[in-house]
Amino acid sequence: MRNVVQFVKEALVNNFRELDQWFKEDNVLLHFKPGRDQWSIREVLEHISLTNYFLLLTINKSTRRALERKLDGLIIMPPHDYEEKFRQIEIVSSKSFGWVNPAHLEPTGKRNLDEVRSILKQQFAQGMYNLSLLKNGEGRLVKTEMTVNNLGKLDIYQYIFFLTRHIERHLAQMRELKEQYEDSAVAI
């Protein structure tokens, strides 16, 4: 189980590290919108913070339940096909995966970037804290339904991994927005 914890931890660290770099970009780039119906990088960052908020509500609650169950002495054994679920989650980061956001995950533009950055840093710390509490496989003790892409029941490690794949999806989106911005600047 230590390999799973390390794998998820590295995904969390790498994605949040890259997210934080976007706050250092030029303000014009951060607000650039290639089309009316597309988000700016600033809006993508806000959306990630909103999505993380709701995912972390589930992760935090599940972590508390897992720690209670550990005290009951349950044995933690992953099934033989445990890694297959991680491969299924991986598709979430793909551009080919269709995703329709609920209204509460749509960016409003009302939060300033410093506030969004601070929220993302807190969310990173919360994810790392949960993993530190679940370092011996306790994250396998609780499963929660994930309706996105019909993933079914995910344990806490898989849920955190889902959070990282969602971030990765939007990191790719922001890189594309930067390319579009640079291409539009060259065209002028």
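Here's what I pulled together on the structure shown here. Being a predicted model, the structure only gives us computed values, none of them experimental.

1. Some points on unusual backbone geometry
Inference 1: Of note, Asn149 is a non-glycine position whose phi angle comes to about 55°, a positive value.
Inference 2: Note on placement: Asn149 falls in the loop between β1 (143–146) and β2 (152–155).
Inference 3: At Asn150, a position not held by glycine, the phi torsion is positive, near 50°.
Inference 4: Relative to the assigned elements, Asn150 resides in the loop between β1 and β2.

2. Observations regarding the environment of Ser94
Inference 1: Inspection of the secondary structure assignment puts Ser94 in the loop between α4 (82–90) and α5 (113–133).
Inference 2: When the C-alpha atoms of Ser94 and Gly127 are compared, they prove to be 22 Å apart, with 33 residues separating the residues in sequence.

3. Examining the environment of Trp22
Inference 1: Note on placement: Trp22 falls in the loop between α1 (2–21) and α2 (27–31).
Inference 2: The class for Trp22 is buried, based on a relative accessible area of 6%.
Inference 3: Considered as a pair, Trp22 and Ile41 are 19 residues apart in the sequence and their alpha carbons are 8.2 Å apart.
Inference 4: Setting aside residues up to four positions removed in sequence, Trp22 forms contacts with Leu30, Ile41, Leu45, Leu171, Met174, Arg175 and Lys178.

Parameters and conventions
Residues numbered from 1 in each chain as written. Predicted model: local features only at pLDDT ≥ 70, side-chain atom pairs only at ≥ 80, totals over all residues. Heavy atoms only, no water. Helix = DSSP H or I, 4+ residues; strand = E, 2+ residues; numbered from the N terminus. Buried < 20%, exposed > 50% of the residue type's maximum accessible area, 1.4 Å probe, protein only. Contact = heavy atoms within 4.5 Å.

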